[in-house]
Amino acid sequence: MVLVLVGLVVLVAPAKPPAATAVETTRPRAVSRPVLAYGSRGAAVRQAQSLLSRHGYRVPVTGFYGTLTARQVRRFQVAHGIRSTGKVGPLTWRKLLAGVGGRAAAQPAPAAPPAAASAPAPAGSAGVVYLTFDDGPAPAWTPRVLELLARYRARATFFVLGRSAAAHPELVRQEFVAGHGVGNHTWSHRRLTGLRGAQLAAEVSATSAAIQRITGAPVRCLRPPFAAVDAASADRVRALGLRLVLWDVDPDDWLRPGARTIAGRVLGRVRSGDVVLMHDGGGDRSQTMAALEQVLATLSARGFRFDALCRG
Ligand SMILES: [Zn+2]
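Keep in mind that what you see is a predicted model, and the values were worked out from it rather than measured. (Residues numbered from 1 in each chain as written. Predicted model: local features only at pLDDT ≥ 70, side-chain atom pairs only at ≥ 80, totals over all residues. Heavy atoms only, no water.)

K.L.:
Talk me through the packing of aromatic side chains; I want residue IDs and the actual numbers.
P.N.:
Per the counting criterion, the structure on display carries two aromatic pairs. Considering the side-chain rings of Tyr38 and Phe64, the 6.5 Å spacing of their centres and the 70° angle between planes classify their relative orientation as edge-to-face. One end of the pair, Tyr38, is in the loop between α2 (21-26) and α3 (43-54); the other, Phe64, is in the loop between α3 and α4 (67-79), and 26 residues separate them in sequence. A relative accessible area of 31% places Tyr38 in the partly exposed class. Residue placement shows Arg33 over the ring face of Trp93; its charged tip is 5.5 Å from the ring centre. Taking the ring centre of Phe176 as reference, the NZ or CZ of Arg311 above it sits at 4.2 Å. (Phe/Tyr/Trp six-rings, centres within 6.5 Å; stacked < 30°, edge-to-face > 60°. Helix = DSSP H or I, 4+ residues; strand = E, 2+ residues; numbered from the N terminus. Buried < 20%, exposed > 50% of the residue type's maximum accessible area, 1.4 Å probe, protein only. Lys NZ or Arg CZ within 6 Å of the ring centre and 35° of its normal.)

Below, the structure is given as C-alpha cells:
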C-alpha cells in the first residue's frame, strides 16, 4: 500500500533529472537500453516516460508501458521522422535523449523480478491486488461486479461518475456498505487538463458531494478520466482534498478484445501492490464480467488478496 501511494506521488510529480546525473557526468560511458514495447515496465520505462514529457509529450511516469505511452511514442516518432512503431528502439532512444541533456539520463535499473508463480497458495500469501472499476455505477453491470467480488471475498474500488451516482444512489450505497472504496471520476467524464479552475472544481466537488450524500463518508481520491492530468490540474485536485489514483495494469477492457484476452493481460502482468483498471460502465461490459471471474479465480488460487483503496 505504501508503495502504491509513493508511486502515485511520482505519477503527478514534474519530471526531475535522474539522481545518477552526477555519476554519469564524471564517468561518461556508453549504456545499452532495452527495447520497450507495450507491457514493458520498470526503470527504463519510467525514464522513457520522463523523457517524453520533457519533449512535451505528456505521459504519467508510471513505469508501465500502456496504451497512453505507446500513443505518445508514436506521436513522438512521427514528429521526428522515425517509423511509427509505438516501440522504443535504439533510434527512438537516441532521439529521446537528444536535446534534453543526454548525460542526464541514467542507465536503467535491471528488470523487475517475474510475477508470482501460479501454484495454489494460502490466501494473501502472494500479496495484494487493487482492482478498480471506472465509469459506473451502471445497473446492467455493477450488481454483477458486486456479486463476483462478494463470492471471492474481494474488496475493490469504484471510481464513479457523479451523474451516474446521482441516478443510481442505491448502487453506490451497496458498493460502500460491502467495504469497497468509492472514488471520484468527475461528474461527466471530463478531461481535467481542458478545464479552467472553476469548471474543474465544479466537476470534482459536485461528484464528491453526491458520493458523500450517499455513503456518509468523505471522498478521498480521484481518478482523472483518460488519465489526463498535468501539474496544474493535479494541484487543483489536491487542493480539493483528493489523492490522485492512476493504475499499474490496464487490460483495455473497454475496447472489448475478448474476455480471455482481458483476463490474460491482467494475469500476465499483475504483481503484488498493483492497481488494475477495469470498467463497470460506459458500454457493454459483458467481456469485463467474464474476465473478472477468471481474474478473481486465478489470482485467489495464486494466493493474492484483493483490497480497497480510498477508504481512509
Ligand atoms: Zn473513465
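K.L.:
Account for α4, with residues named and values stated.
P.N.:
The terminal C-alpha atoms of α4 lie 18 Å apart, and with 13 residues this matches the ideal 18 Å at 1.5 Å per residue to within 8%. Residues of α4 that are buried: Thr69, Ala70, Gln72, Val73, Phe76 and Gln77. Projected down its long axis, α4 shows its buried positions confined to an angular sector of 165°, all on one face. Those residues of α4 hidden inside the fold are in contact with α3 and α5 (90-97). (Expected span 1.5 Å × (residues − 1). Arc of directions from axis to C-beta. Contact = heavy atoms within 4.5 Å.)

K.L.:
Please set out the nonpolar core residue by residue, giving values where relevant.
P.N.:
Formed by 46 residues in total, the largest nonpolar core has its most connected members in Leu131, Phe133 and Leu149. Of the residues forming this core, the biggest block, six residues, is contributed by helix α12 (residues 286-302). Setting aside residues no more than four positions away along its own chain, Leu149 makes contact with Leu131, Phe133, Ala154, Ala156, Phe158, His180 and Leu296. Ala48, Phe76, Leu96 and Leu97 belong to the second-largest nonpolar core, a separate cluster that totals 16 residues. (Core = buried A, V, L, I, M, F, W, Y, C linked by side-chain atoms within 4.5 Å.)

K.L.:
Quick rundown of unusual backbone geometry? Include the residues and the values.
P.N.:
In this model, Gly136 is joined to Pro137 through a cis peptide bond whose omega is 0°. Tracing the chain through its elements places Pro137 in the loop between β1 (127-134) and α6 (142-151). Phi is positive for Asp135, which is not a glycine, with a value near 80°. Checked against the element boundaries, Asp135 lands in the loop between β1 and α6. Taking relative accessible area as the criterion, Asp135 reaches 15% and is therefore assigned buried. In this structure, Asp252 takes a positive phi of about 55° despite not being glycine. Here Asp252 shows up in the loop between β5 (243-244) and α11 (259-269). The buried category is assigned to Asp252, whose relative accessible area is 4%.

K.L.:
Describe in detail the packing of α6 against helix α8 (residues 169-177), supporting the description with residues and values.
P.N.:
Look at α6 against α8: their axes get within 10 Å of each other, and the N-to-C directions meet at 15°. With respect to each other, α6 and α8 are oriented roughly parallel. Our pair here, α6 against α8, has a crossing hand that is left-handed. The segment α6 lies against α8, with Thr142, Pro143 and Leu146 engaging Leu171, Gln174 and Glu175. The residue inventory of the contact of α6 with α8, partitioned by class, reads three nonpolar, two polar and one charged. (Axes fitted to C-alpha atoms, helices over the stretch in contact; angles between N-to-C directions. Parallel < 35°, antiparallel > 145°, perpendicular 65-115°, else oblique. Left-handed = near helix turned anticlockwise from the far one by under 90°. Nonpolar A, V, L, I, M, F, W, Y, C, P; charged D, E, K, R; others polar.)

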